[in-house]
Amino acid sequence: MEDNRQEVELRSDVPISPPNGEALCTQEHNQVKLTNGQNHASSPVNGVQEYRRHTFSTEPTLEDIRRMQAEFTDERDWNQFHQPRNLLLAMVGEVGEVSELFQWRGEVAEGLPDWTESEREHLAQELSDVLIYLVELAEKCHVDLPQAVLRKMALNRQKYPASKVHGSAKKYTEYNE
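Rules used in this analysis
Residues numbered from 1 in each chain as written. Predicted model: local features only at pLDDT ≥ 70, side-chain atom pairs only at ≥ 80, totals over all residues. Heavy atoms only, no water. Core = buried A, V, L, I, M, F, W, Y, C linked by side-chain atoms within 4.5 Å. Buried < 20%, exposed > 50% of the residue type's maximum accessible area, 1.4 Å probe, protein only. Helix = DSSP H or I, 4+ residues; strand = E, 2+ residues; numbered from the N terminus. Contact = heavy atoms within 4.5 Å. Phe/Tyr/Trp six-rings, centres within 6.5 Å; stacked < 30°, edge-to-face > 60°. Axes fitted to C-alpha atoms, helices over the stretch in contact; angles between N-to-C directions. Parallel < 35°, antiparallel > 145°, perpendicular 65-115°, else oblique. Left-handed = near helix turned anticlockwise from the far one by under 90°. Nonpolar A, V, L, I, M, F, W, Y, C, P; charged D, E, K, R; others polar. Expected span 1.5 Å × (residues − 1). Arc of directions from axis to C-beta.

A. Expanded view of the nonpolar core. Among the nonpolar cores identified, the biggest contains nine residues, and these are Leu87, Met91, Val98, Leu101, Leu112, Trp115, Leu123, Val130 and Leu137. Mapped onto this core, the elements with two or more residues apiece are helix H2 (84–102) and helix H3 (117–140). Considering every element that reaches this core, the biggest residue donor is H2, with four residues. Beyond its immediate stretch of four places on either side in the chain, Val98 contacts Leu123, Glu126, Leu127 and Val130.

Right, dumping it as structure tokens:
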């Protein structure tokens, strides 16, 4: 698989739409340089803060995952069981399994540096279960998930304009007009 990661430089006065479609954040009143690849944060140099985000591979796509799961389900004649309510409850159960992996650990650093390779692989499997159920639930509910994400991100930009919410965790209803 080809590694098509690239460096993207963003400014707070420029809309965020990098060519690879990755959703990125900016920092008000400063330039932020975001680089795909390994996570790395450093202190600002000449007003530019470098932050390297973890990136996903480009394949499989959500549609590929939907197709693979549909084939898996069809081969086992499980569609009779995979109705929206059942898929939702199964997904919630898988989220619980992800939660168990974090339970009693306190704060966990980005990149999970204190986790063993076995623990990371277990997390990857549980997160995969959540994603698979989410994609299948979206399919059964006839929701085009990638398009829904685009609409939701646009709505979130309206609800949480960077000029009002920068550095704050308040809910959008708590901001003054």
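Past the structure itself, the notes keep going.
B. Structural context of the packing of aromatic side chains. The tally for this structure, following the rule as stated, stands at three aromatic pairs. Look at Phe72 and Trp78: their rings are 5.7 Å apart centre to centre, the planes differ by 75°, and that puts the pair in the edge-to-face class. The exposure class of Phe72 is partly exposed, given its relative accessible area of 33%. The interplanar angle of 80° and the centroid separation of 5.8 Å between the aromatic rings of Tyr160 and Tyr172 together place this pair among those described as edge-to-face. With Tyr160 in the loop between helix H4 (145–159) and helix H5 (162–165) and Tyr172 in the segment after H5, this residue pair connects regions lying twelve residues apart in the sequence.

C. Fine view of the side chain of Gln69. You can see Gln69 is positioned in helix H1 (residues 62–75). Apart from the residues lying within four places of it in its own chain, the contact partners of Gln69 are His82, Ile132 and Glu136.

D. Structural view of the packing of H2 against H3. Relative to each other, H2 and H3 sit at 160°, their axes nearing to 9 Å. Considered as vectors, H2 and H3 are oriented roughly antiparallel to each other. For the element pair H2 and H3, the recorded crossing hand is left-handed. Taking contact as the criterion, the partners of Pro84, Leu87, Leu88, Ala90, Met91, Glu94, Val95, Glu97, Val98, Leu101 and Phe102 in H2 are, on H3, His122, Leu123, Glu126, Leu127, Asp129, Val130, Tyr133, Leu134, Glu136, Leu137 and Lys140. Among the residues making up the contact of H2 with H3, the classes are represented as 15 nonpolar, one polar and six charged.

E. Fine view of H2. The terminal C-alpha atoms of H2 lie 27 Å apart, and with 19 residues this matches the ideal 27 Å at 1.5 Å per residue to within 8%. Along H2, the residues classified as buried are Leu87, Met91, Glu94, Val98 and Leu101. The arc that holds every buried residue of H2, seen down its axis, measures 60°, which confines them to one face. In H2, the exposed residues that point more than 90 degrees away from the buried face are Arg85 and Glu100. Looking at the buried residues of H2, the elements they touch are H3. Trailing H2 by a residue or two, Trp104 shows a phi angle of about 70°, which is positive.

Honestly, it's all geometry; don't read function into it.
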